[in-house]
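A closer look at the structure
Here are the chains, one letter per residue:
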Amino acid sequence: MLTSVQKEILQTLINLYQSSEGKSIKGEDIAEVMRRNPGTIRNQMQSLRSLSLVKGVPGPRGGYKPTVEAYHSLNISVSDNDSKVPIYKNETKLEDVSVARIEFTSVPRPTACEAAIKVLGSIKDLKLGDEVRIGPTPVNNLGVMGTIVGRDDMDNILLIDTKTIRSIPKKTVGEIATKDVIFLKPENSIEEAAKVLADNTIDGAPVIDGGDIIGMFTVSDIVKALALNQYGFKVKELMSSDIVFVDEDTKIANAINLMFEKGIGRLIVSDKNDDFLGIVTRTDLIESITNLEEIPIITN
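A few points on the structure. (Residues numbered from 1 in each chain as written. Predicted model: local features only at pLDDT ≥ 70, side-chain atom pairs only at ≥ 80, totals over all residues. Heavy atoms only, no water.)

1. A word on the pattern of salt bridges
We apply this condition: Whenever a carboxyl oxygen of Asp or Glu lies within 4 Å of a side-chain nitrogen of Lys or Arg, that contact is scored as a salt bridge. Strands here are runs of E lasting at least two residues and helices are runs of H or I lasting at least four, both read from the DSSP assignment and numbered beginning at the N terminus. Residue exposure (1.4 Å probe, protein chains only): buried if accessible area is under 20% of the type maximum, exposed if over 50%, otherwise partly exposed.
Under the defined criterion, the tally for this structure stands at 10 salt bridges. With its nearest N and O atoms 3.4 Å apart, the salt bridge here joins D130 to K89. Taken together, the residues D130 in the loop between β6 (114-120) and β7 (131-134) and K89 in strand β3 (residues 87-89) connect sequence positions 41 residues apart. Overall, the relative accessible area of 22% leaves K89 in the partly exposed class.

2. A few points about helix α2 (residues 27-34)
Here is the rule: The arc in question is formed by the directions pointing from the helix axis toward the C-beta atoms. Between two residues, a contact is recorded if the distance between any of their heavy atoms is within 4.5 Å.
Along α2, the residues that are buried comprise G27, I30, A31 and M34. Buried residues of α2, viewed axially, fall in a sector of 100 degrees; they line one side. Here the buried face of α2 lies against α1 (4-19), α3 (38-50) and β2 (63-66).

3. Quick look at unusual backbone geometry
A negative phi holds for most residues other than glycine; trans holds for most peptide bonds. Although it is not a glycine, R35 adopts a positive phi angle of roughly 60 degrees. For R35, a relative accessible area of 79% translates into the label exposed. Its identity is not glycine, yet N229 carries a phi of approximately 55 degrees, on the positive side. Counting through the fold element by element, N229 comes out in the loop between α7 (219-227) and α8 (235-238).

4. Some points on the packing of aromatic side chains
Note the following rule: Two rings from Phe, Tyr or Trp (for Trp, the six-membered ring) form a pair when their centres are within 6.5 Å of each other. A pair whose planes differ by under 30 degrees is stacked, one over 60 is edge-to-face, and the rest are tilted. By definition, being over a ring means that NZ of Lys or CZ of Arg is both within 6 Å of the ring centre and within 35 degrees of the ring normal.
Tallying each qualifying case throughout the model produces one aromatic pair. Directly above the aromatic system of Y88 lies the positively charged group of R133, at a separation of 4.1 Å from the ring centroid.

5. What to know about the environment of V97
Examined against the element boundaries, V97 turns out to sit in the loop between β4 (92-93) and β5 (98-106). Residues V97 and I87 lie 10 residues apart in sequence; the distance between their C-alpha atoms is 7.0 Å. Excluding residues that lie within four positions of it along the chain, V97 makes contacts with I87, V119, L120 and S122.

6. Observations concerning the packing of α1 against α3
Selection rule: Helix axes are fitted only over the stretch in contact, all axes being lines through C-alpha atoms; the angle between N-to-C directions runs from 0 to 180 degrees. What sets the label is the angle itself: under 35 degrees gives roughly parallel, over 145 gives roughly antiparallel, 65 to 115 gives roughly perpendicular, and the rest give oblique. Three classes are used: nonpolar for Ala, Val, Leu, Ile, Met, Phe, Trp, Tyr, Cys and Pro, charged for Asp, Glu, Lys and Arg, and polar for all others, with Gly counted as polar.
Two numbers describe how α1 lies on α3: the axes approach to 10 Å, and their chain directions differ by 90 degrees. Of the possible angle classes, the one that applies to α1 and α3 is roughly perpendicular. Residues V5, Q6, I9, L10 and L13 of α1 lie in contact with α3, whose contacting residues are I41, Q44, M45, S47 and L48. Tallied by class, the residues present in the contact of α1 with α3 amount to seven nonpolar, three polar and no charged.

7. Examining the sheet that holds strand β14 (residues 276-281)
Heads up, the rule is: Only when DSSP finds a minimum of two bridges between them are two strands counted as paired.
With mixed pairing, the three strands of this open sheet are ordered in space as β12-β13-β14. The two strands at the open ends of the sheet, each matched to only one other strand, are β12 (245-247) and β14. When strand polarity is set aside, the average angle formed by the axes of neighbouring strands in this sheet is 35 degrees. One ladder, built from three bridges, connects β12 with strand β13 (residues 266-270); its direction is parallel. Each bridged residue has a counterpart across the sheet, and for D247 the counterpart in β13 is S270. Its contacts with the sheet place helix α9 (residues 252-262) against β12, β13 and β14, and it is angled at close to 135 degrees to β13.

Structure, rendered in structure tokens:
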């Protein structure tokens, strides 16, 4: 049975090791984070080594590394970098922090339950009342959004009052993309573009020039142009050139994150030969998941 101090040392070692890319951690670094005497850390490390929870690395660059048993003793799954579960605060991804475990303490209904989140890395920047988004998880693409209502610094656990729980299907953008795409031309006038969008009941279309997609033109561009009295302007003068291409094998969860990061509402989908395949919009993504009303809408 580990003491509270030993658990704190082991958790701090794992947190530092997590962000060190495999480098051994010096006792002084652990002591500095924990604000304890380095001698105390060294003494406790001897006990942890005897329990096979820590291994010492000799030499000038030496220090300590956690063993697999260390992760198991703290109920942390051992995983590689590709399967780390991200955590976002105010839609900003936290670096050197990932989620090791999600446990729902009560599940009366999906949008009114609490979740205990075991975190790898420092939780010092996560405060009570912060809005966070966790996931997607690698196995079932589970995502959790909610508010931090409690924290346990010793065990590195956050208690989340959930607002949304969703499991994103493991489909790809190629499976849901619209392939019969309507295009606009750079020389189209605002009036011509507006008619094309209205006739096809769409709110945006790619702009093509000589077979290349050079931009995206939307209803928002039309509204903005009219507000600025930009009558007579061409599509090429008002379109957005901020277009993003994704491979057809891109997962829906990754596409959603990409839209949030880029602040866009459409992605151009390419096939395995890098040729144009289709377009996927925020509506396509929303319709592909179960909790339609619970997915934040991107307005661009």
